[in-house]
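Next come the chains, spelled out residue by residue.
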Amino acid sequence: GHSFAQLDAMVILLLLASAVVKQSLELANWWWCLGIDANYHPDLIAALRSHFVGLALRFVVPGGHGVWGKVFFVGDSKRMTALSVGVERFFITWTTILYAVIAGQFYFTSLAWEIRIGVLLITMCLPFLAWIIWRRWKSDSNLPRQYLLIIPRILLTRGLFIGITSLQYWLVLTRLGDISLPQALICTPVILFANAIPVSYSGLGLREGFAVQVLSSLGFAPEAAVTVSLTVFLFNTLLPGLPGAFFIATHK
């Protein structure tokens, strides 16, 4: 069988604990993005509340665009908060693609190395290209300087986030079949690339399709691939979205 019932209590506890760590990393990212406005000093409670609200709002419309509703739960101006949301979404999408491309260096070995390295270099340049455009558009703004300061921080936290997600996939997959940790570290970022394609509700369906394709190369049945993807989704996205739904329901 390839069901959730095969997971023992220790795996479930590890999934819960790692999900808490991942939410802490994402909260730190959101805190830094709010701080892109040097004149605004975000309140931790407001940042925490709006972070969880954003998780819940991702289920409102396909593509996760409902997350823009976070602007109504932050004390800064709506324009500056919208900018913070835009920067956060850009970095999440960019790092998702970047780490997928890095993993792809080892997964898509049939591709010429020149193509793989070329795609990697182009991907690495994207935030700096955005910075150059921003500087030309707003030459008198100090926001681009704040933007540059958070690039290394978000690279680190997102790398840890995707690494922990790979561990979660590995924990579940070892209960369903045979996979090594290095294999999980290569396959998981490629699967998570689906999250960068904004066409479904929080990546549902699309990510499972990626998982089936990627994990079949390791001998996993489609049922196992879908099980691991939905299990990780449950702990990382669905459960953390519940507090956000509560905050929305009780918000005046």
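Residues numbered from 1 in each chain as written. Predicted model: local features only at pLDDT ≥ 70, side-chain atom pairs only at ≥ 80, totals over all residues. Heavy atoms only, no water.

Chemist: Can you lay out the side chain of Ser-50 for me, pointing to particular residues and giving the numbers?
Modeler: Turning to its location among the elements, Ser-50 is positioned in helix H2 (residues 44-57). Accessibility expressed as a relative area gives 0% for Ser-50, which makes it buried. In terms of polar contacts, Ser-50 uses its side chain to reach the backbone carbonyl oxygen of Ala-46, at 2.8 Å. Apart from residues no more than four positions distant in its own chain, Ser-50 is found in contact with Trp-30, Lys-70, Phe-73 and Val-74. (Helix = DSSP H or I, 4+ residues; strand = E, 2+ residues; numbered from the N terminus. Buried < 20%, exposed > 50% of the residue type's maximum accessible area, 1.4 Å probe, protein only. Polar contact = N/O pair within 3.5 Å; in protein donor to acceptor, adjacent residues only side chain to side chain. Contact = heavy atoms within 4.5 Å.)

Chemist: Residue-level account of the pattern of salt bridges, with values.
Modeler: Across all of its chains, the model carries 4 salt bridges by this definition. Between Arg-207 and Glu-208 there is a salt bridge, and its shortest N-O distance comes to 3.9 Å. An identical accessibility class is assigned to Arg-207 and Glu-208; each is buried. (Salt bridge = Lys/Arg side-chain N within 4 Å of Asp/Glu carboxyl O.)

Chemist: Quick rundown of a nonpolar patch on the surface? Include the residues and the values.
Modeler: Taken together, Leu-13, Leu-16, Leu-239 and Leu-242 make up a surface patch of nonpolar side chains, about 360 Å² in accessible area. Those elements giving two or more residues to the nonpolar patch turn out to be helix H1 (9-34) and helix H8 (222-250). By the secondary structure assignment, Leu-16 is in helix H1. (Patch = residues over 30% accessible without salt bridge, like charges linked within 9 Å, V, L, I, M, F, W, Y side chains within 5 Å. Areas by Shrake-Rupley, 256 points an atom, 1.4 Å probe, with all protein chains shown as cover.)

Chemist: Break down the packing of helix H5 (residues 143-173) against helix H6 (residues 181-192) for me, with residues and values.
Modeler: Axis separation between H5 and H6 bottoms out at 8 Å; the angle between their running directions is 115 degrees. Relative to H6, H5 is oriented roughly perpendicular. The interaxial crossing formed by H5 with H6 has right-handed handedness. Within the contact between the two elements, H5 uses Ile-162, Gly-163, Thr-165, Ser-166, Leu-167, Tyr-169 and Trp-170 and H6 uses Leu-181, Ala-184, Leu-185, Thr-188, Pro-189, Ile-191 and Leu-192. Considered class by class, the residues forming the contact of H5 with H6 number 10 nonpolar, 4 polar and no charged. (Axes fitted to C-alpha atoms, helices over the stretch in contact; angles between N-to-C directions. Parallel < 35°, antiparallel > 145°, perpendicular 65-115°, else oblique. Left-handed = near helix turned anticlockwise from the far one by under 90°. Nonpolar A, V, L, I, M, F, W, Y, C, P; charged D, E, K, R; others polar.)

Chemist: Can you lay out the packing of aromatic side chains for me, pointing to particular residues and giving the numbers?
Modeler: With the rule as written, the count across this model stands at 7 aromatic pairs. With a centroid separation of 5.6 Å and an interplanar angle of 65 degrees, the aromatic rings of Phe-90 and Phe-91 are classed as edge-to-face. The exposure class assigned to Phe-91 is buried, which follows from its relative accessible area of 1%. Site record: aromatic cluster; members linked through ring pairs are Phe-90, Phe-91, Trp-94 and Tyr-147. When the ring centre of Phe-161 is taken as reference, the NZ or CZ atom of Lys-22 above it lies at 4.3 Å. A cation sits over an aromatic face here: Lys-70 above Trp-30, 3.6 Å from the ring centre. (Phe/Tyr/Trp six-rings, centres within 6.5 Å; stacked < 30°, edge-to-face > 60°. Lys NZ or Arg CZ within 6 Å of the ring centre and 35° of its normal.)

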